[in-house]
Structures are given as structure tokens and as C-alpha cells.
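# Coordinates in review
The residues making up each chain are set out below.
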Amino acid sequence: MLPASTVLPRKVFDGFGYASCSVSVFTEPKNGEELAASFRYAREHGLTIAMRGSGRSYGDAAMNGGGLVVDTRSMRKVLAWNPDTGIADLEPGVTIEQMWRTFLKDGYWPAVVPGTMFPTIGGIASMNVHGKNCFKVGPWGDHILEGELVAPDGQVYLVNRDENADLFNAAIGGFGMLGAWRRIRVKLKRLHSTKLRVKGHYAANLREQFQWFEEYTQKSDYCVSWLDCTVGGAALGRGEPHSANYLHEGEDPSPDFEPAHQDLPGHIMGVPKALVGTLLAKFNTNWGMRFVNFAKSTVARFGPKGEYDQGLVAFNFLLDYVPTFRDAYRPHGFVQYQPFVPKENAEEVFRNILRLTQARDVPSYLGVMKRHRPDAYLLSHGLDGYSLALDFPITPSNRATLTKTLHEISDMVCEAGGRFYPAKDGMIRPDHVQRAWGQERLARFDTLRKMVDPDRLLRTELAARWGLEG
Ligand SMILES: Cc1cc2nc3c(=O)[nH]c(=O)nc-3n(C[C@H](O)[C@H](O)[C@H](O)COP(=O)(O)OP(=O)(O)OC[C@H]3O[C@@H](n4cnc5c(N)ncnc54)[C@H](O)[C@@H]3O)c2cc1C
């Protein structure tokens, strides 16, 4: 099984934002034995190893130019499932989509989901993914009960909150630097309905956005807001917040747990999805996006308000409505950047981010704000505050200004006690990493790496860029 004489195939791997790419050899193990064989092969050939799930991280987190990439998407078995408790043992390549398609008929839903259904549970655990309900139920790590991590030398560590607890707390959100997840035990959420009761709002400026979050996070299961990042002056930070609540027992007269009935619609406001991608590409300039953001703000302001019921899939996976949206950013791609800032400083920092990016003519084409809470994971991005996810197109003419601007913003975020999300980073420098997490946490992380991977075989381009190589 994978003898040392095998010549592995090679291909180009990129991040979801298309902003960087590199060539690596790769394997696609189908089970734990093949995963171990990939590691053995890497040791024999002196190759560094990066784990990869669906490659949905925007930047360089699952890339390893010149080394080995282990693509885990073929390890996608549900190893055990208990419909009484909602506890499942999963191979690392099981995706969010596979989870809801498998477990919904028993009345269960992943307690946390990102804005797309394609990530794998291995990638999710390694990034400690958060959802629009993070302020209430925490990130994914809080719903992982235990796992098995395979070290590059083949040793398997059982990790949970009692056994190897330090390793467990560091591997969740440890961006693949502390071994490969071979099995992950998760707890899903019991549902009484597959619908959410959703309410759309309008916030005229950034102050109103924060006021809205303060009020609605007290009484909602989900809160998220879209921001128009292209407008300044009195309307700076305007946008459309949404709140949503699960339906309680008895509130849905005819609960429907058939997964096929949850599929996303083929049209958005009457326009076929495929065409929406093409239309977006036509508007993909600063002026085009000012117009799109203005139009969306106007609909949010004057359009119908009030509550409506919406399926969990339709509410949560908005970005999957237009799967080709990223193609609008070709050929140079885009960076996603998501700083997390403590609640005391978040409004000021977000205001400065919007002002600076507009003044430099590098506005974000999309802005999404969420509320978070602190968690137990060593290098977590989670804190008692807010995050602002931003999409910046890259062009030959804006690249230098954008890089300079995001570095200045990262300084501001560090100054304010903030952190960064590795799944949505392609820009920050080692000094930002040091300031965001501090020497003590980074030293503890390093000690665990020395235990699991003394020869530093696990490597990604993100870890190298963050100064964590060697
Ligand atoms: C449209 C879109 C919307 C998104 N919305 C959100 C959101 O709302 N909230 C959020 O938190 N994130 C969000 N994300 C980011 C996404 O959830 C994360 O990047 C997630 O990690 C992707 O999972 P993946 O399987 O694609 O992992 P990859 O991107 O392939 O890998 C992510 C990391 O996990 C490591 N890894 C992968 N598999 C393993 C394994 N078996 N063992 C050890 N390490 C492993 C990799 O080395 C890498 O460091 C979004 C991404 C997209 C594209």
C-alpha cells in the first residue's frame, strides 16, 4: 500500500479566493490505514505534509507547495450514529452537507454551520468554525466530544476533555499543525422543525448595527448582518441585519424532515442562479459594487419587513446560492479578511476599517458582521466581541495599496486586543500573530507540536507565513 517507489501525482492547489496557488504531490486516502501510509511515504521521501479537506479556506491554510497534500475527502464514512443522543462518529472528510442529508430525517442538524455546506469536519475542527449563532452556542469545538489525531510518525492520540485535554484544546483551531483527524465524535442539535422564524431589519449606520446586535442577541438563536462597505458619511456601516429563531415543539404544524425538501432554490428573485454569477462578474468593479451595495441597501430600507419562516438550509447557506460567485474575481482572485475585536473596541475599529479602505479606494465588496463569545481553545480566534468579514478583490493596480492597508488594519486590530481567523487570512504577518495570541499561548502550542511532530513534518503555507515553521 503506497510503496516507497510510487511516484505520486502532482497538481496545483489554491485557496477559495484564488489569490495564491502552489504545486504539490498529493494522496487521497480512503481510510485510516491509507492515511498512515501517506504519512509513512512522506517520512521516507522527506516531504512535509499538509492536510486538506474541501479547500474552502480562502487563503493558504490548506496549501503546501513542494510538499505533500493529503486530501481527506474520500474518508467520508459515518462510523457510528445514535439517533437517541444525536452523537455521531465521523471520518474527517464528512461534509456539513453530508451531515444534514444523513441526520435530518432523524430530526438532527449540525449545531453550528458556516455560510457554506461544503467544508469537511476535519477542516472544521482544525479551524474551529463558527456560525451565525456563535454568540449563543459557541464555535464548532464546543460540539466536538472527542477525536483521534494521527501524528506524522503514525502514533494515534485519543483526545477529549479528559484525555490529552491540552492537545484536544490546541488541535481544535490548530489549523492542522497537531496531527491529522482520523475520527471525530460530534453532538448534533435536536430539532422540532426544519424551519427558522426569520426577521429582516435595516440599520442606517454602524451605531445602529451595534445597537441591533446588543438587543437581538438577547432574544435570538441566530444574528448576522450584511454591511454596505462602500458608503461613507452619515450612512457609514449601514446594512441589513437578520435575526432567526428555531421553532419550538408544536410551533410547526407539519414538521418536514425530508432532506430533499431542503434543497436550495434554482432562482434568486426570479433570476437563474447561473446567471447571477455572470451578472455579478459584470459589476465587479469599485463603481459596480457601489451600485450593487446601494441597490441592496435601498431594498433593505424600503422593502417589506416582518417575520417569515425559512428552511435551515436556505437561511444558513446563502453563499451556496451562487456557487460561482468567486469566479467574478478571476483572474487575480480576492482575499477574505476577518478580524475579531473585543466588544469595547469593535465599533471604533470597524469604523476605522471602513473609513481607511474607502479613503484608499480599496473598499470591501462584501461585509458581514457577527457577534462571538470566548472559548477554551488555545489558538482560537473566538473572543467576547464582534467580527467583520470582508472581501477585497485583488487587481495588479490595487495589490500594493491593499496589502499596506490590511497590514495597517491588522496593527489596529492588535492594538485593540483583537485576533484573526486563519481560514480567512492571506495577509497577516508573524508580528500580528505574536501580538494577537501572545508569547505564552504560542509557546504552549509549540510545546505540543514538539511532542506530536518533533521533525516538523506538518506544514502549510499559512503556518510558514505566520512564522510557525521550524
Ligand atoms: C463561501 C464560504 C463561506 C464560509 N463561511 C464561514 C463561516 O460562516 N464561518 C466560518 O467559521 N468559516 C467559514 N468559511 C470558512 C470554512 O468554514 C473553513 O475554511 C473550513 O475550515 C473549510 O473546511 P475544509 O474542509 O474546506 O478545510 P480546508 O480549507 O481544506 O482546510 C482547513 C484547515 O484544516 C486542516 N485540515 C483539513 N483536514 C484536516 C484533517 N483531517 N486533520 C487535520 N487538519 C485538517 C488544513 O490543513 C487547513 O489548515 C467559509 C468558507 C467559504 C468558502
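Use the structure listed above.
Residues numbered from 1 in each chain as written. Predicted model: local features only at pLDDT ≥ 70, side-chain atom pairs only at ≥ 80, totals over all residues. Heavy atoms only, no water.

Attention now moves to the overall build of the chain. Looking only at helices and strands, the chain has 13 helices and 22 strands in total. For the chain, whose C-alpha radius of gyration is 22 Å, the value lies close to the compact-globule estimate of 23 Å for 470 residues. Taken along its principal axes, the extent of the C-alpha atoms in the chain is 65 × 55 × 40 Å. Scored against the burial criterion, the 470 residues of the chain give a buried share of 57%. Expressed as a percentage of contacts within the chain between residues at least 6 apart in sequence, the contacts between residues at least 24 apart total 72%. (Helix = DSSP H or I, 4+ residues; strand = E, 2+ residues; numbered from the N terminus. Rg over C-alpha atoms; globule rule 2.2 N^0.38 Å. Buried < 20%, exposed > 50% of the residue type's maximum accessible area, 1.4 Å probe, protein only. Contact = heavy atoms within 4.5 Å.)

Another aspect to go through is the packing of helix H10 (residues 343–359) against helix H11 (residues 399–415). Relative orientation of the contacting elements H10 and H11 amounts to 165 degrees, with a least axis distance of 11 Å. By the criterion of interaxial angle, the relationship of H10 to H11 is roughly antiparallel. Crossing of H10 over H11 shows right-handed handedness. Between H10, through Val349, Asn352, Ile353, Leu356 and Thr357, and H11, the contact on the second element is made entirely by Thr405, Glu408, Ile409, Met412 and Val413. The class makeup of the residues in the contact of H10 with H11 is 6 nonpolar, 3 polar and 1 charged. (Axes fitted to C-alpha atoms, helices over the stretch in contact; angles between N-to-C directions. Parallel < 35°, antiparallel > 145°, perpendicular 65-115°, else oblique. Left-handed = near helix turned anticlockwise from the far one by under 90°. Nonpolar A, V, L, I, M, F, W, Y, C, P; charged D, E, K, R; others polar.)

Close to the ligand lie 34 residues, the nearest being Met51, Arg56, Ser57, Thr120 and Tyr421. Between the ligand and Ser54, the relevant distance is 3.0 Å, taken from an oxygen atom to a main-chain nitrogen or oxygen of the residue. Between the ligand and Lys370, the relevant distance is 3.1 Å, taken from an oxygen atom to a side-chain nitrogen or oxygen of the residue. Going through the elements one at a time, strand S3 (49–52), helix H3 (121–127) and strand S10 (180–187) are the ones with two or more residues in the shell around the ligand. Looking at side-chain class alone, the shell around the ligand contains 16 nonpolar, 14 polar and 4 charged residues. (Near = heavy atom within 4 Å. Polar contact = N/O pair within 3.5 Å; in protein donor to acceptor, adjacent residues only side chain to side chain.)

A few words now on the sheet that holds strand S2 (residues 21–27). Spatial ordering of the open sheet is given by S1-S2-S4-S3, a layout of 4 strands whose pairing is mixed. Edge positions in the open sheet fall to strand S1 (10–14) and S3, since each of these has one partner strand only. Averaged over all adjacent pairs, the angle separating strand axes in this sheet is 45 degrees, with direction ignored. Relative to strand S4 (residues 68–71), S2 runs parallel, the two being bridged by 3 bridges. Across the sheet, Phe26 pairs through a bridge with Val69, a residue of S4. Packing against the sheet, helix H1 (residues 32–45) makes contact with S2, S3 and S4, and its axis sits at approximately 180 degrees to S4. (Pairing = 2+ DSSP bridges.)

Strand order in the open sheet made by the 5 strands is S5-S6-S10-S8-S9, with antiparallel pairing throughout. Here the strands that pair on one side only, and so sit at the sheet edges, are strand S5 (78–82) and strand S9 (156–160). For this sheet the average axis-to-axis angle between neighbouring strands, irrespective of direction, equals 10 degrees. The pairing of S5 with strand S6 (residues 87–90) spans 4 bridges and is antiparallel. Within the sheet, the bridge partner assigned to Ala80 lies in S6 and is Asp89. Running over the sheet, H1 touches strand S8 (144–150) and S10 and is turned about 145 degrees from S10.

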